[in-house]
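Fold and contact review
Spelled out, the chains give:
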Amino acid sequence: MQVAILMIHVVIAVALVVLILLQQGKGAEAGAAFGGGASQTVFGSRGSGNFLSRTTGILAAGFFATSMALAYFATQAGQAPEAGIPDSRLIEQQQSVPTLDDRPADVDNTAPVLEESSE
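The rules behind each value
Residues numbered from 1 in each chain as written. Predicted model: local features only at pLDDT ≥ 70, side-chain atom pairs only at ≥ 80, totals over all residues. Heavy atoms only, no water. Helix = DSSP H or I, 4+ residues; strand = E, 2+ residues; numbered from the N terminus. Buried < 20%, exposed > 50% of the residue type's maximum accessible area, 1.4 Å probe, protein only. Contact = heavy atoms within 4.5 Å. Areas by Shrake-Rupley, 256 points an atom, 1.4 Å probe, with all protein chains shown as cover. Core = buried A, V, L, I, M, F, W, Y, C linked by side-chain atoms within 4.5 Å. Expected span 1.5 Å × (residues − 1). Arc of directions from axis to C-beta. UniProt positions renumbered as here; feature names shortened; annotations may be inferred. Phe/Tyr/Trp six-rings, centres within 6.5 Å; stacked < 30°, edge-to-face > 60°. pLDDT = per-residue confidence, 0-100. Polar contact = N/O pair within 3.5 Å; in protein donor to acceptor, adjacent residues only side chain to side chain.

1. Focus: the overall build of the protein chain
Counting secondary structure elements, the protein chain contains four helices and zero strands. Taken over 119 residues, the protein chain has a buried fraction of 12%. At a minimum sequence separation of 6, the contacts of the protein chain that also span at least 24 residues come to 78%. Counting every atom, the protein chain has about 10200 Å² of accessible surface; 61% of that belongs to carbon and sulfur.

Structure follows, in structure tokens:
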């Protein structure tokens, strides 16, 4: 689910960038980027401004919604147990390897004494 929302989020972000770059500033004429007055017939009698502005607003709302959904998933992932290095006490409980302190009492660990030679 999170991956699907992330993919939608990226597509909306790219579409927003493209739509914002297509729009003209307030001082520019509406058909300058599309080759004169012919562009007004493609987007209606008012030109491209209303169509692009409305589409940009819809995409901005979608971008906001997907951002909030991804933020929610990120906070929920923080409450899950971490997949990193476990606590050392947990490792010691899981391993049954004897340590130096766990030696049996009947084992003699003294080093052998070498005989001294008198020459």
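So, next bit.
2. Description of the nonpolar core
Counting residues in hydrophobic clusters, the biggest one holds five residues: Ile12, Leu16, Leu19, Leu52 and Leu59. Looking at this core, the elements with two or more residues in it are α1 (2–22) and α3 (48–79). In terms of residues, this core owes the most to one element, α1, which gives three residues. Sequence-distant contacts of Leu52, defined by excluding residues within four places in its chain, comprise Leu19, Leu22 and Gln23.

3. Digging into α1
In this model, α1 (21 residues) spans 30 Å end to end at C-alpha, consistent with the 30 Å of a helix rising 1.5 Å per residue. When we look at burial in α1, the residues that qualify are Ile5, His9, Ile12, Leu16 and Leu19. Along the axis of α1, the buried residues cluster in a sector spanning 100°; they form a single face. Facing away from the buried side of α1, by more than 90 degrees, are the exposed residues Val3, Met7, Val11, Val14 and Leu21.

4. Topic: the UniProt feature "transmembrane region" (unreviewed entry) in the protein chain
As recorded in UniProt, the feature "transmembrane region" (unreviewed entry) lies at residues 51–73. Segment residues 51–73 splits into 100% helix and 0% strand. End C-alpha atoms: 33 Å apart.

5. A word on the packing of aromatic side chains
Taken as a whole, this structure holds one aromatic pair when the rule is applied. A centroid spacing of 6.0 Å and a plane angle of 55° characterise the contact between Tyr72 and Phe73, whose relative ring orientation is tilted.

6. Observations regarding the confidence of the model for the protein chain
When pLDDT is averaged across the protein chain, the result is 75; 52% of the residues are at 70 or more. Confidence scores differ between elements of the protein chain, with helix α2 (residues 39–43) showing the lowest mean pLDDT of 53 and α1 the highest of 93.

7. Let's talk about the side chain of Thr66
Mapped onto the fold, Thr66 is located in helix α3. For Thr66, a relative accessible area of 10% corresponds to the buried category. Apart from the residues lying within four places of it in its own chain, the contact partners of Thr66 are Ile5, Ile8, His9 and Ile12.

8. Quick look at the side chain of Thr56
Structurally, Thr56 is set in helix α3. At 2.6 Å, the side chain of Thr56 forms a polar contact with the side chain of Gln23. Not counting residues within four places of it along the chain, the set of residues in contact with Thr56 comprises Leu16, Leu19, Ile20 and Gln23.

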